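Inside the fold
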Amino acid sequence: MSVRDQIAEKLSVKFTPSHLEVIDESEKHRGHGGYREGGESHFRVRIASAQLTGMSRVAQHRAVMGALDAELKGGVHALAIEVVSR
């Protein structure tokens, strides 16, 4: 299973989002720190979930990062998080 799919699955299970996008932006970072051939190093997550509503932005980001702890320790170099309302 790809890292992108692992991220999507974990966030789906944890937050039951009404909207979820997991975008591999690795190619945009070619030549920068953390980039590796084949991608799967830099991601953007756009998520809408009732479970994140009412939390501060910092708390939202901590919750998402906590759900993806293994991926962040295992090779994901960068994670941009956008909590959106839908």
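The paragraphs below set out a description of the structure included in this document. (Residues numbered from 1 in each chain as written. Predicted model: local features only at pLDDT ≥ 70, side-chain atom pairs only at ≥ 80, totals over all residues. Heavy atoms only, no water.)

To continue, consider the sheet that holds strand β3 (residues 78-83). If you trace the three strands from one edge of the open sheet to the other, you get β1-β2-β3, paired in mixed fashion. The strands lining the two open edges of the sheet, one partner per strand, are β1 (19-24) and β3. Looking at each pair of strands side by side, their axes are set apart by 10 degrees on average, direction ignored. In terms of strand pairing, β1 meets strand β2 (residues 42-48) through six bridges, oriented antiparallel. Bridging from a neighbouring strand, Glu-21 pairs with Arg-46 of β2. (Pairing = 2+ DSSP bridges. Helix = DSSP H or I, 4+ residues; strand = E, 2+ residues; numbered from the N terminus. Axes fitted to C-alpha atoms, helices over the stretch in contact; angles between N-to-C directions.)

Here we take up the pattern of salt bridges. Tallied over the full model, the rule gives seven salt bridges. For Arg-44, the salt bridge identified is with Glu-25, shortest N-O distance 2.7 Å. In this pair, Arg-44 sits in strand β2 while Glu-25 sits in the loop between β1 and β2, placing the two residues 19 residues apart along the sequence. Assessed through its relative accessible area of 22%, Arg-44 is described here as partly exposed. Owing to a relative accessible area of 11%, Glu-25 belongs among the buried residues under this scheme. With its nearest N and O atoms 3.2 Å apart, the salt bridge here joins Lys-73 to Asp-69. Of the two residues, Lys-73 and Asp-69 are both situated in helix α3 (residues 69-73); the distance of four residues between them amounts to about one turn of the helix. Several salt bridges share partner residues, and in doing so they unite Glu-21, Glu-25, Arg-44, Arg-46 and Glu-82 into one network. (Salt bridge = Lys/Arg side-chain N within 4 Å of Asp/Glu carboxyl O. Buried < 20%, exposed > 50% of the residue type's maximum accessible area, 1.4 Å probe, protein only.)

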